[in-house]
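Residue-level listing of the chains:
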Amino acid sequence: MWPPTLGGQKAEYVILDDASDPSGAVRNFKKLTSEDKVDVIVGPNLTASALAALAASAVIVEPVEGKRKWAFKMPQNDSHMATVLTQHMSNNGIKTVGFIGFADSYGDSWWKEFSNLAGARKIQIVANERFARTDTSVTGQVLKLMAARPDAILIAGSGTPAVLPQKTLAQRGYKGKVYQTHGIATDEFLRIGGKDVEGTLFPTGPSVVAKELPASHPSKKVALDFVTAYEARYKTDSVTQFAGDACGAYLLLDDAARRALKSGAQPGTPAFRQTLRDAIESTRGLVIPNGVMNMNAQDHVGFDQRSRVMGTIRNGKFSYAGDQ
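Since this is a predicted model, take the numbers as computed values, not measurements.

**Observations regarding the pattern of salt bridges**
- Counted according to the given criterion, the structure contains 18 salt bridges.
- D196 serves as the salt-bridge partner of K195, at 3.4 Å between the closest nitrogen and oxygen.
- We note a salt bridge from R277 to E281, for which the minimum N-O separation is 3.0 Å. In this pair, R277 and E281 are both assigned in helix α10 (residues 270–281), four residues apart and thus about one turn of the helix distant. The two residues R277 and E281 agree in class, both being buried.
- In this structure, a network of salt bridges that share partners links the residues K211, E231, D237 and K317.

Structure representation (structure tokens):
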């Protein structure tokens, strides 16, 4: 549960579950705005639900116009993560890549960003396959990927459904490197993936690998403080990308609410909501577990290169992959 105050004043939280259903997310947004008349909504964390209501497609906040003027995103843009991922591939001699992604907006966004950046780095994409989050077999797609003989394969999925292609690749004897996206960093992915996901490479926010970050990383202290508190409540090595995003959302709102309240605008009024929106947009130099935020009228994410690192799965845990 989040702390009881925002900006130094008591906060009331209304928690609704959309059951990972985009239509449920839309209903929740309508209820929260028309019935509960909340000042701010945090969530949902799935890209499809977030798009329907208006986790990590840039199109949620780009371009910043119309309804998007009121939307701010905690997860790093796919373009941001694809940059460090393709850099790692290039630095490690990857020349050819096979792509398999979700057959939805998440996969579409990753395909767009990854294919553009791969081309710029002279990495050839030799296969492009898709699968549904609910699929129970991807054997056909995996056989096509392996037939192309890529140096590496990128699985553009998130959560536990992203395990299926990797397990199938392992069962079929694929020996190349396997990359995933920042959406995999959950306990369940590790539990279900087991030995088949060992050695996976993925871009991630600093909070997921906070314990192993170099002391010079600007988010090291904030991320480590968050991880320590989180593990004290739950269990060791249980922090996820999503948990880090949620902590960042609180820190962002707490900082912005403190500044908005100084205007004299009263919470629960249109004037306060406008002032809060403006305060969020003017956030500068705010250190959160997943990076340093500097927002402006054209950028409602506010992250630079300090917001992502390369991770790997080592001995069944998410670990820092080190310098690229």
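After that view of the structure, there is still more to cover.
**Considering the side chain of K73**
- Tracing the backbone through its elements, the reader meets K73 in the loop between α2 (47–53) and α3 (78–91).
- For the buried K73, no salt bridge exists, and the shortest N-O distance to an oppositely charged side chain is 6.1 Å, to D78.
- A polar contact is formed between the side chain of K73 and the side chain of N77, at a distance of 2.8 Å.

**Some remarks on the packing of helix α5 (residues 139–147) against helix α6 (residues 163–171)**
- Look at α5 against α6: their axes get within 10 Å of each other, and the N-to-C directions meet at 60°. Between α5 and α6, the angle is such that the two are oblique. Like other packed secondary-structure pairs, α5 and α6 cross with a definite hand, here right-handed. Contacts between α5 and α6 pair T139, V142 and M146 from the former with P165, T168 and L169 from the latter.
- In terms of residue class, the contact of α5 with α6 is built from four nonpolar, two polar and no charged.

**Thoughts on the packing of aromatic side chains**
- Following the criterion strictly, the structure yields seven aromatic pairs and no others.
- In this structure an aromatic cluster arises from ring pairing among F99, W111 and F114.

**Details of the domain arrangement of the protein**
- Taken as a whole, the protein is organised into domain 1 (5–76 + 225–306) and domain 2 (78–204).
- For domain 1 versus domain 2, the separation of C-alpha centres amounts to 28 Å.
- If you look at the interface, domain 1 gives 18 residues, while domain 2 gives 13 residues.
- When domain 1 packs against domain 2, the two sides together hide about 1,200 Å² of surface, and 53% of this comes from carbon and sulfur.

Scoring rules and cut-offs
- Residues numbered from 1 in each chain as written.
- Predicted model: local features only at pLDDT ≥ 70, side-chain atom pairs only at ≥ 80, totals over all residues.
- Heavy atoms only, no water.
- Salt bridge = Lys/Arg side-chain N within 4 Å of Asp/Glu carboxyl O.
- Helix = DSSP H or I, 4+ residues; strand = E, 2+ residues; numbered from the N terminus.
- Buried < 20%, exposed > 50% of the residue type's maximum accessible area, 1.4 Å probe, protein only.
- Lys, Arg positive; Asp, Glu negative; His and termini not counted.
- Polar contact = N/O pair within 3.5 Å; in protein donor to acceptor, adjacent residues only side chain to side chain.
- Axes fitted to C-alpha atoms, helices over the stretch in contact; angles between N-to-C directions.
- Parallel < 35°, antiparallel > 145°, perpendicular 65-115°, else oblique.
- Left-handed = near helix turned anticlockwise from the far one by under 90°.
- Contact = heavy atoms within 4.5 Å.
- Nonpolar A, V, L, I, M, F, W, Y, C, P; charged D, E, K, R; others polar.
- Phe/Tyr/Trp six-rings, centres within 6.5 Å; stacked < 30°, edge-to-face > 60°.
- Domains from an automatic or database assignment.
- Buried area = accessible area lost by both parts, 1.4 Å probe.

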